[in-house]
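Fold and geometry: a report
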Amino acid sequence: MALRCDIIIRDATIFDGTGAPRRIGDVGVSGDRIVGVGDLGGATADREVIATGKAIAPGFIDSHTHDDRAVLCGPACTLCKISQGVTTVVVGNCGISLAPMRHTASRPPAPLDLLGDEQWWTFDSFGDYAHALKTKGSEVNTYALVGHQTLRVEAMQGDVLRPAKEAEIHRMHARLKQSLMEGASGFSTGLYYPLNKAATTEEVIAVGEALKTTGGLYTSHMRDEANHVLASIEETLRIGTRLGLPVHISHHKCSMPENYGRSVQTLALIEAAASMQEVAFDMYPYPAGSTVLMADKVRDELRTIITWSVPYPEMAGRDLSEIARGWNTDLRAAAERLTPAGAVTFQMDEEDVRRIMRHPLSMIGSDGLPHDEKPHPRLWGTFPRVLGLYSRQLGLFDLETAVHKMTGRCAQVFGMVDRGVIREGAYADLVLFDPATVIDNATFEDPVQMSVGIDKVWANGVLSFAEGKATGEKPGRLVTRGR
């Protein structure tokens, strides 16, 4: 009997997500699964897409996002992802997760406010958040981590500039364990930030012991990515060893001019550790980072662009140095006046960015901040930038490797079963793109610009993006580690 499909994508160049060589063929989809790959000349379908000259790949997995709120507020928030070919996002990074914490009396402390003001902090349990995802629906799949900063603010009643007490650690452990049972997949820390900085290594391990109940993953925005980056990597590895679980280093970089070039050392350290334990890292393809504006971190020699400001919203998109001159003050005083605020800071060296990206343990994550007024361009451009600039134009690696870093590798590290690959039986998360033209358009000056070259995107077999716009469908699901 001839194979009957809902959709057949014909004559495409298939990048299967494993890093294997590309090949020409067809991909058949029925329901939410891929049911045929190769020569499907004898198969029929309700809908056919002729993809001659186009590439078909697994939907991209954004391995590092702050989309906890974005996945709940429709295509206005997720167009930046589906227009890049992203079908799955990892939320709850850097110790910042929207659940489990109810915080409705006032604006949450930075950096939790990257996810929104008090109206969004209504999820008393991860189960409540998972229920909202299911009932509201989303354009993308969501894989969720629970943030240590969120747990600390709740358990310590905001008194977080100190190590946690035993009862508080017990509370965090219990909340993490409950969240994992309700569909969360891991635990993240943001030890760089004031809300998390006072946490000892032992506190992190004690809370993280809850991961053993479900075999979860530990991820970290490390304590330091600058002068003490090696010591921070060692701490992260030590936590993983003590927990006996995989560790993931968030947005790996070597910050500040005095540390440019040190990726040679950091990558050697990570690579040596990988022979003894499971370790991976994500990175974004830009030499500038973005987070909340912290006055004590600004430096005269580093360009800083304001992305949002509560007291001075009109300053979004302007350089901090320009603002300081206009106010006849120094950078730190200007930053203090602008906060609560966010910023883009040019703090990395392009050669380090390329070396880290090229490393076989790396994967791609946008670290985009979807609620910034003038966001970092990575929010709209990360994945086409890797495909178009770094692979096609600069030849940093071939397209098979680029796709693998965005798909199969991510799915393997995060334990996403049947995702990140094109094969029979896998979920039909797919992106059709033009390998000859795909490129980012978003810039630091004009960051909200859609990339070009992304043709169609399907999540769980449902078309979510086509002809340059969202289709209105919400096929995304909560994805849980190991399932």
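An account of the accompanying structure is given in this report.

Reading guide: rules and limits
- Residues numbered from 1 in each chain as written.
- Predicted model: local features only at pLDDT ≥ 70, side-chain atom pairs only at ≥ 80, totals over all residues.
- Heavy atoms only, no water.
- Disulfide = S-S within 2.5 Å.
- Buried < 20%, exposed > 50% of the residue type's maximum accessible area, 1.4 Å probe, protein only.
- Salt bridge = Lys/Arg side-chain N within 4 Å of Asp/Glu carboxyl O.
- Core = buried A, V, L, I, M, F, W, Y, C linked by side-chain atoms within 4.5 Å.
- Helix = DSSP H or I, 4+ residues; strand = E, 2+ residues; numbered from the N terminus.
- Contact = heavy atoms within 4.5 Å.
- Phe/Tyr/Trp six-rings, centres within 6.5 Å; stacked < 30°, edge-to-face > 60°.
- Lys NZ or Arg CZ within 6 Å of the ring centre and 35° of its normal.

**Observations concerning the state of the cysteines**
Counted under the stated rule, the structure contains 1 disulfide. Each disulfide pairs two cysteine sulfurs, and for Cys73 the partner residue is Cys77, the sulfurs being separated by 2.2 Å. Its torsion about the S-S bond being -110°, the disulfide of Cys73 and Cys77 is classed as left-handed. Classification of Cys77 as buried rests on a relative accessible area of 16%.

**Structural notes on the pattern of salt bridges**
Applying the stated rule across the entire model yields 35 salt bridges. With a closest N to O distance of 2.8 Å, Arg162 and Asp159 form a salt bridge. Looking at Arg162, the relative accessible area reads 18%, which means it is buried. With a relative accessible area of 42%, Asp159 lands in the partly exposed category. Arg423 is the partner of Asp418 in a salt bridge, and the nearest nitrogen-oxygen pair spans 2.7 Å.

**What to know about the nonpolar core**
One recurring pattern in soluble globular proteins: nonpolar side chains tend to sit buried together. In terms of nonpolar packing, the biggest core is built from 104 residues, with Phe60, Tyr129, Met357, Leu387 and Phe433 touching the most fellow members. In terms of residue count, the dominant contributor to this core is helix 12 (residues 378-393) (7 residues). Formed by 17 residues, the second largest nonpolar core is a distinct cluster that contains Ile7, Ala12, Ile14 and Leu432.

**What about helix 6 (residues 201-208)?**
With 6 of its 8 residues buried, helix 6 lies for the most part within the structure. Among all positions of helix 6, only Thr201, Glu203, Val204, Ile205, Val207 and Gly208 are buried. Close packing links the buried residues of helix 6 with helix 3 (148-155), helix 4 (166-181), strand 11 (186-190), strand 12 (217-221) and helix 7 (229-243).

**Observations regarding the packing of aromatic side chains**
Tallying each qualifying case throughout the model produces 10 aromatic pairs. Seen in terms of ring centroids, Phe60 and Phe433 are 6.3 Å apart; in terms of plane orientation they differ by 50°. Their pairing is tilted. Pair noted here: Phe60 is in strand 6 (residues 60-62) and Phe433 is in strand 19 (residues 430-433), with a separation of 373 residues, a long-range link. Of the residues examined, Phe60 reaches a relative accessible area of 0% and is grouped as buried. In this structure Phe433 comes out as buried when scored by relative accessible area, which is 0%. Ring plane angle 80° and centroid distance 5.2 Å describe the contact between Tyr192 and Tyr193, whose orientation is recorded as edge-to-face. Grouped by ring-pair contacts, the aromatic residues Phe60, Phe383 and Phe433 constitute a single cluster. Over the aromatic face of Trp327 sits the side chain of Arg337, whose NZ or CZ is 3.9 Å from the ring centroid.

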